[in-house]
Amino acid sequence: MQFSVQVMMAFYWQRAVLLLSLAAAISVTADMKLDCRPDFVSLVWTKSRPQAEPSLIRLGNCPPTSVSAEEAVFNVGLNDCHFRRMVTGDQLVYTNDLTYIPSSDSHMPAFSLPVVCAYERPVDWYPPMYDPVLFDTYGQGELVFHMELMNDDFSGPAPSTAFPLGSLIPIMASVEHKSHQPLLLLLEECVATTTPELQPENHLFPIITNKGCLVDSKGTRSKFEQRQKSSEIHLSLQAFKFALGEEVFIHCKLLAWDPSGLDRSKKACHYVKDHGWELLDNPSYSSLCDCCDSSCTSRRTRSIASVSTFSGKHGIAHNAVLGPLTITDWNA
């Protein structure tokens, strides 16, 4: 299995990836040495801050495997310690956080460092987190839907799935198509919950409702970013208080649609302060968003929780789940 490794000591993603064949990949930084193997991780954190106590270092929810006066050592499996698994393009990425919570009488501040192991994704392998589905309908060629957490400028995958309260969570959704007529990707509905599957008893946090209205943009910094491709949509979502400190999953209905078929029920709208509702793809037609404060009806109504895929005359929809991610409040 070929794989690559990146370790980051700040919240950014380095685009260069080193691919190795049938050998361990080792990355060394000022504070730690990370050795990513096909099914386990070896991490050595070396004390570089005089007041830090190695025994208080945690990898996810795991204490060190062994501790000395100067080092904390972790030898753990990728299925342990709350490692998070994501598919990002051609990579299978495992992320975690190396955290330090000082004792109450310590003057050493808390800190958190992202830990990332990125492996080359096996052909035709997808985790249930994204649940991409291949389609051979609506023209010729296959469609694959994706959702990803991104870095701040949407140039690569997110370095961590932990986000401070009030920060922006960059999310990209896309549809890939070969030999297929052009499609416009829309987010019809998105809700946040604490489970990977929607259940009747779930508490829900609405993000996008009413056929493409980003309701969370009213009173927050959440917004759709300007499109780079019609087949992608970028959402900057302000980290919210819902399920603070818990694992959060974002459930969305993705819609690949005929670009010429936009109407009140097929749109991407966000709220702009002192201006009102605005249509992402053509602000001059923002009147399509007027229904966002009432009801944007269509001939066909389907629940996000009751259908996983459907195809219609002008497009194809698919339900996807992104997560888990965690929103933290460092001031708490």
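Structure: above.
The text that follows walks through the structure, step by step, so that each part is easy to find. From a predicted model like this one, the values you see are computed outputs, not experimental measurements.

1. A short note on the sheet that holds strand β17 (residues 213-214)
Remark on secondary structure: sheet strands pair via backbone hydrogen bonds, oriented parallel or antiparallel.
In step 1: Spatial strand order, β17-β21-β22: 3 strands in an open sheet with mixed pairing. For this open sheet the edge positions go to β17 and β22 (276-279), each flanked by a neighbour on one side alone.
In step 2: Relative to β22, strand β21 (residues 269-272) is paired through 4 bridges, and the arrangement is antiparallel. Along β22, the bridge assignment pairs His270 with Glu278.

2. Overview of the environment of Leu288
In step 1: Relative to the assigned elements, Leu288 resides in the loop between β22 and β23 (309-311).
In step 2: It is 8.5 Å that separates the C-alpha atoms of Leu288 and Cys269, two residues lying 19 residues apart in sequence.
In step 3: Once you skip the residues sitting within four places of it in the chain, Leu288 turns out to touch Leu262, Asp263, Arg264, Lys267 and Leu279.

3. Here's the deal with the state of the cysteines
In step 1: All told, the structure shown has 6 disulfides when counted by the stated rule.
In step 2: Here Cys36 is linked by a disulfide to Cys117, with a sulfur-sulfur distance of 1.7 Å. The chirality of the disulfide connecting Cys36 with Cys117 is left-handed, given an S-S dihedral of about -60°. Of this pair, Cys36 sits in strand β4 (residues 32-36) while Cys117 sits in strand β11 (residues 111-120), placing them 81 residues apart in sequence. With respect to class, Cys36 is no different from Cys117; both count as buried.
In step 3: Counting only the cysteines that form disulfides, in the order they appear in the chain, gives the pairing 1-4, 2-3, 5-7, 6-11, 8-9, 10-12.

4. Some thoughts on the pairing of strand β19 (residues 232-238)
In step 1: Among the 7 residues in β19, 7 count as buried, and that is most of the element.
In step 2: Covered by surrounding structure in β19 are Glu232, His234, Ser236 and Gln238 together with Ile233, Leu235 and Leu237, the residues of both alternating faces.
In step 3: Sheet analysis places strand β14 (residues 168-177) next to β19, joined by 7 bridges and oriented antiparallel. Looking at β19, one finds that Leu168 is bridged to Gln238.
In step 4: Here 2 bridges tie strand β18 (residues 223-224) to β19, and the two strands are oriented antiparallel to one another. If you follow Phe224 over to β19, its bridge partner there is Leu235.

5. Quick look at unusual backbone geometry
In step 1: That bond from Gly323 to Pro324 is cis: its omega, 5°, falls within 30 degrees of zero.
In step 2: Even without a glycine there, the phi angle at Phe154 is positive, about 60°.
In step 3: Relative to the elements of secondary structure, Phe154 occurs in the loop between β12 (143-149) and β13 (162-164).
In step 4: Judged by relative accessible area, which is 13%, Phe154 ranks as buried.
In step 5: Here the phi dihedral of Lys211 falls at roughly 65°; this positive angle occurs in a residue that is not glycine.
In step 6: With respect to the element layout, Lys211 can be found in the loop between β16 (205-208) and β17.

6. A short note on the pairing of β11
Taken residue by residue, a regular strand's side chains alternate between the two faces of the sheet.
In step 1: Counting buried positions along β11 gives 9 out of 10 residues, so the element sits mostly inside the fold.
In step 2: Here strand β10 (residues 91-100) runs beside β11; their pairing, made up of 10 bridges, is antiparallel. Residue pairing across strands places Val93 opposite Ala118, the latter belonging to β11.

7. Considerations on the sheet that holds β12
In step 1: Taken in spatial order, the 4 strands of this open sheet run β12-β14-β19-β18, and their pairing is antiparallel. Here the strands that pair on one side only, and so sit at the sheet edges, are β12 and β18.

The rules behind the values
- Along each chain, residues carry numbers from 1 onward, in the same order as the chain's sequence is written.
- Only residues with pLDDT of 70 or above have their local features reported here, since the model is predicted, and side-chain atom pairs are shown and tallied only from 80 upward, although totals for entire chains, interfaces and linings are computed over all residues.
- Calculated side-chain values reflect all of the structure's heavy atoms, with hydrogen atoms and water omitted.
- One requirement defines pairing of two strands: DSSP has to find at least two bridges between them.
- Per the convention used, a helix needs a DSSP run of H or I reaching at least four residues, while a strand needs a run of E reaching at least two, with both numbered from the N terminus.
- Whether two residues are in contact is decided by their heavy atoms: any pair within 4.5 Å suffices.
- To count as a disulfide, a pair of cysteine sulfur atoms needs to be within 2.5 Å.
- The rule is simple: take the accessible area with a 1.4 Å probe, protein chains only, and divide by the maximum for that residue type; under 20% is buried, over 50% is exposed, in between is partly exposed.

These figures come from the coordinates and say nothing about function on their own.
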